[in-house]
Amino acid sequence: MTAKAISWAPVLLGAAQIFPCHAVRAADAPELGEIVVTAALRPEPASSVPTSVSVLTERTLRESGVQHFQDVLPLVPNLNWAAASSRPRYFQLRGIGDLEQYQGAPNPSVAFLVDDIDLSGVGMPATLFDVQQLEVLRGPQGTRYGANALAGLIQVRTAPATPAFEAGTEATVGENDTRAIGGMIGGAIPGTSTGAVRLVAQSYESDGFRRNAFLGRDDTNGRDESTARLKASIGSAEAFSADFTALYVDLDNGYDAFAIDNSRVTQSDDPGKDAQRTVGGAARLRWAGKAFDVVSITSYADSDIEHSFDGDWGNDAFWAPFDPYDFTSVTLRERRTLAQDVRVLSPTLDSSALAWLVGVYGRQLEESNGQVDVFNGETLRDLESAFESRSAALYGQLDWRVVSQLDVSLGVRFERRSAEYDDNEGPSFDPTEDMVGGHVSAEWRLAAQHTGYATLARGYKNGGFNVGAVVTEERRQFRPEYLWNLETGLKSRWLSGVLETDVALFYMRRRDQQEQTSFQVDPTDPLTFVFYTDNAAKGENYGAEGTLRWRASDTVRIDATLGLLEARYLEYERPDADLGGRDQTHAPNWQYSLGFTYQHPLGFMAHADVAGRDGFYFSATDSERESAATFVNLRVGYEAERWAAYLWGANVLDEEYSQRGFFFANEPPDFIPERYTQAGDPRQLGATFIYRFE
């Protein structure tokens, strides 16, 4: 490690593991429960997955979150996000990911799934109500998910339908006009012996933590989010089973996030929107045979997205006495994704020395975009574009129990992707790419409670293109990116199972690294500021990740994780600078959190977690790192058998921090480039009440 790496802050992070998803108060248990990862090709205990993985249980999400995946992001080491939207759509794992998709083909680096529904690149529907667990697999998932999982995978798994009757409601109120109400009901399907159904609905509103001084309103950045979900299951694991999910999420959020002085007081005369309505569904079918099982996963998602903003962040009176300066931009995006995955699986290594699986995968994505930019009442741009891609993949995995203490796994994936793009400004593209990824790993059981692993994996990501009239010819297209990841780790249980630790070291080498950045064609004209993607020649990302889960007593639980990261460009020459040796974007050198939970047998509870991250660069053109930040969340309450009540606080120390930033010229009359940042959410206090019916 370099001297800089050695100086990383030795800090820990945590999120408490608390009650199971089908009871209000947990029963005491001397040992930590086993966590099963469902995002792998086979469901596996987290202790047996040969990669660095984080799983946030239903109890952790309840204790540390309020409404959305955004609330618990700091609990996952080496995970960051770019706030180019009202809720996270663009994620970075180990410094690798997307910052926005104003330009380029929609090919994300981090796969994002909700109950098998592929929402990669449109992850805003990740509301937390009735979620069972959230899984994050770090490093390329070349065998599992191919092109969309160059950096890793995030999966949201909601509570399943079960035959036992369940019903409940949850209500939340808080500062900034926050209010939410949700309900759940589920049980057996009448007339069936194994069928079950579960219906969930929730509505959430908040003013969005901004005040628009010009309009005299505090809701121009508001959040209005509705979720409805229907799950059903039939059959049994011994023969045939089928699980179905139908999803509807409507996020009608405002987008008035930026101010000239980088504060939470805006001056926009035409506030924008960041709305997304997603309708989706998935069907997972499983036929169990004596020699092998067959699993079919079909998913569909249709998302309508409106992203608009006031580009000058002001109004006529604000900019007076200068000439009128008024700029607005509206983008309407519709994306449809249909995916089919069929895999054949042999029995696991528990029953044979060899285990195998083979699968075929197909995915069709259609996206249309309409972008209208208006300056001083005149339309500067009216772009209509259409994009379609088709992916087909063949993959397989072979697992071999060499001896009782050693397993070896080999996986490979061949993928072909073809795409078509055209718009009313003239450019059209139809690239076809063949890509290969995979892994080889070894897992050895050092003792009954200790498992080590080593993995070499190759990931890949499609190439693409930049569009728009001001994009120059040499910046039109960019090449696919490839990544090698070498990782080793140790997963252990201590003290008769009340303490678990998981430590991983990794080194990643990137070739033809795709980098999202921006440039301003005319330094005096902010309307020529555009986003684009190009290829840095090489990059490297290395570091460490660790997690700890400790049930210190029947009443006290402590969880901690730590992420250390060094991510830098090895070769990257831009027209305006040589960035070789500089840190990559959205790649904090350290992240941590420490969580503490006390739960009295009579029902009283208290939870506190502190999470922090180092500063980082917002973009390749940024010359200044964002400052480090620390977040503290608190929750106290009482949990009875059928009800629970909590008082909670998010960011209780009111830490000032930024989520996104740009360096460009936006102020008349001189239009001198400045650094503009989007302020994060301030302190918020609230209360939540839960009731479950028998």
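In case you missed it, the structure is sitting above this.
Residues numbered from 1 in each chain as written. Predicted model: local features only at pLDDT ≥ 70, side-chain atom pairs only at ≥ 80, totals over all residues. Heavy atoms only, no water.

Summing up its helical and strand segments, the chain has three helices and 41 strands in all. What you see for the chain is a C-alpha radius of gyration of 25 Å, in line with the 26 Å of a compact globule of 694 residues. Oriented by its inertia axes, the alpha-carbon framework of the chain measures out at about 75 × 60 × 55 Å. Here the chain, with 694 residues, has 59% of them falling under the buried criterion. Carbon together with sulfur atoms contributes 59% to the accessible area of the chain, which is approximately 26400 Å² in total. One finds the centroid of the 62 positive side-chain charges in the chain at a distance of 7 Å from the centroid of its 99 negative side-chain charges. (Helix = DSSP H or I, 4+ residues; strand = E, 2+ residues; numbered from the N terminus. Rg over C-alpha atoms; globule rule 2.2 N^0.38 Å. Buried < 20%, exposed > 50% of the residue type's maximum accessible area, 1.4 Å probe, protein only. Areas by Shrake-Rupley, 256 points an atom, 1.4 Å probe, with all protein chains shown as cover. Lys, Arg positive; Asp, Glu negative; His and termini not counted. Charge placed at Lys NZ, Arg CZ, Asp CG, Glu CD.)

Across six bridges, strand β37 (residues 629-639) lies against strand β38 (residues 643-650) in antiparallel orientation. Considered in β38, the bridge of glycine 637 is made with tyrosine 646. From the end of β37 to the start of β38, which pair antiparallel, there are three residues. (Pairing = 2+ DSSP bridges.)

A separate point is the sheet that holds strand β5 (residues 90-93). The sheet built from three strands is open, its strands ordered β4-β5-β6 with antiparallel pairing. At either margin of the open sheet sits one strand with a lone partner, and together these are β4 (79-82) and β6 (96-97). As defined by bridge partners, β4 adjoins β5 across four bridges and the pair is classed as antiparallel. Paired with tryptophan 81 across the two strands is phenylalanine 91, which belongs to β5.

For the rest of this paragraph, the subject is the nonpolar core. Counting residues in hydrophobic clusters, the biggest one holds 41 residues, and the most contacted among them are Phe69, Leu79, Phe91, Phe112, Leu119 and Ile154. In this structure, isoleucine 154 is in contact with Phe69, Leu79, Phe91, Val110, Ala111, Phe112, Leu113, Leu134, Glu135 and Val136, ignoring residues within four places of it in sequence. (Core = buried A, V, L, I, M, F, W, Y, C linked by side-chain atoms within 4.5 Å. Contact = heavy atoms within 4.5 Å.)

With the rule as written, the count across this model stands at 23 aromatic pairs. An angle of 80° between the planes, with centres 6.0 Å apart, marks the rings of tryptophan 313 and phenylalanine 664 as edge-to-face. You can see tryptophan 313 sitting in the loop between β19 (293-310) and α3 (316-319) and its partner phenylalanine 664 sitting in strand β39 (residues 658-664), a full 351 residues away along the chain. By the burial criterion, tryptophan 313 is buried, and phenylalanine 664 matches it. Aromatic pair tryptophan 313 and tyrosine 676: ring centres 5.1 Å apart, planes at 85°, arrangement edge-to-face. One end of the pair, tryptophan 313, is in the loop between β19 and α3; the other, tyrosine 676, is in strand β40 (residues 674-679), and 363 residues separate them in sequence. (Phe/Tyr/Trp six-rings, centres within 6.5 Å; stacked < 30°, edge-to-face > 60°.)

Strand order across the open sheet formed by five strands is β3-β9-β10-β7-β8, with mixed pairing between neighbours. The open sheet is flanked by β3 (53-57) and β8 (117-118), the only strands paired with a single partner. Bridge analysis of strand β9 (residues 131-138) against strand β10 (residues 152-158) gives seven bridges, and the strand direction is antiparallel. The residue bridging glutamine 133 from the neighbouring strand is arginine 157, located in β10.

All right, on to unusual backbone geometry then. Cis peptide bonds are those with omega within 30 degrees of zero, and the linkage from alanine 320 to proline 321 qualifies with 10°. Mapped onto the elements of the fold, proline 321 is located in the loop between α3 and β20 (327-345). Put simply, proline 668 and proline 669 share a cis peptide bond, and its omega is 10°. Secondary-structure assignment places proline 669 in the loop between β39 and β40. Phi is positive for asparagine 262, which is not a glycine, with a value near 60°. Positionally, asparagine 262 belongs in the loop between β16 (240-255) and β17 (265-266). One non-glycine residue, phenylalanine 671, lies in positive phi territory at about 50°. Relative to the elements of secondary structure, phenylalanine 671 occurs in the loop between β39 and β40. Note on phenylalanine 671: relative accessible area 16%, which makes it buried.

The alternating pattern of strand β13 (residues 196-206) places Ala196, Arg198, Val200, Gln202, Tyr204 and Ser206 on a buried face, while none of Val197, Leu199, Ala201, Ser203 and Glu205, on the opposite face, is buried. Bridge analysis of strand β12 (residues 178-188) against β13 gives 10 bridges, and the strand direction is antiparallel. Its bridge partner being in β13, alanine 188 is matched across the sheet by alanine 196. For β13 and strand β15 (residues 223-235), the ladder comprises 11 bridges, and the chain directions are antiparallel. Across the sheet, serine 206 pairs through a bridge with arginine 223, a residue of β15.

Now for the pattern of salt bridges. In the structure shown here, the tally under the stated rule is 48 salt bridges. Glutamate 58 is paired through a salt bridge with arginine 62; the nearest N and O atoms lie 2.5 Å apart. Taken as a pair, glutamate 58 and arginine 62 lie in helix α2 (residues 58-64) at a separation of four residues, close to a single helical turn. An identical accessibility class is assigned to glutamate 58 and arginine 62; each is buried. For aspartate 115, the salt bridge identified is with arginine 157, shortest N-O distance 3.8 Å. Residue aspartate 115 is found in the loop between β7 (110-114) and β8, and its partner arginine 157 is found in strand β10; the two are separated by 42 residues along the sequence. (Salt bridge = Lys/Arg side-chain N within 4 Å of Asp/Glu carboxyl O.)

Bringing the environment of valine 556 into the picture now. For valine 556, the position within the fold is in strand β32 (residues 556-571). Sequence-wise, valine 556 and alanine 447 are 109 residues apart; in three dimensions their C-alpha atoms are separated by 28 Å. Sequence-distant contacts of valine 556, that is, excluding residues within four places in its chain, are made with Trp550, Arg551, Phe596, Thr597 and Tyr598.

A few words on the environment of serine 203. Relative to the helices and strands, serine 203 resides in strand β13. Serine 203 gets classed as partly exposed once you look at its relative accessible area, which sits at 27%. On a C-alpha basis, the gap between serine 203 and alanine 147 in space is 34 Å, while along the polypeptide they are 56 residues apart. Residues contacting serine 203, with those up to four places away along its chain left out, are Arg179, Ala180, Ile181, Glu225 and Ser226.

Here tyrosine 300 lies in strand β19. Overall, the relative accessible area of 34% leaves tyrosine 300 in the partly exposed class. Sequence separation between tyrosine 300 and glutamine 340 is 40 residues, and the spatial gap between their C-alpha atoms is 9.0 Å. Residues within four places of tyrosine 300 in sequence aside, it is in contact with Ile117, Val279, Gly280, Gly281, Arg336, Thr337 and Leu338.

What follows covers the side chain of aspartate 502. Relative to the helices and strands, aspartate 502 resides in strand β30 (residues 499-520). Salt bridges are absent for the buried aspartate 502, whose nearest opposite-charge side chain, lysine 491, sits at 4.1 Å. Setting aside anything within four residues of it in sequence, one finds aspartate 502 in contact with Val53, Leu490, Lys491, Glu545, Gly546 and Thr547.

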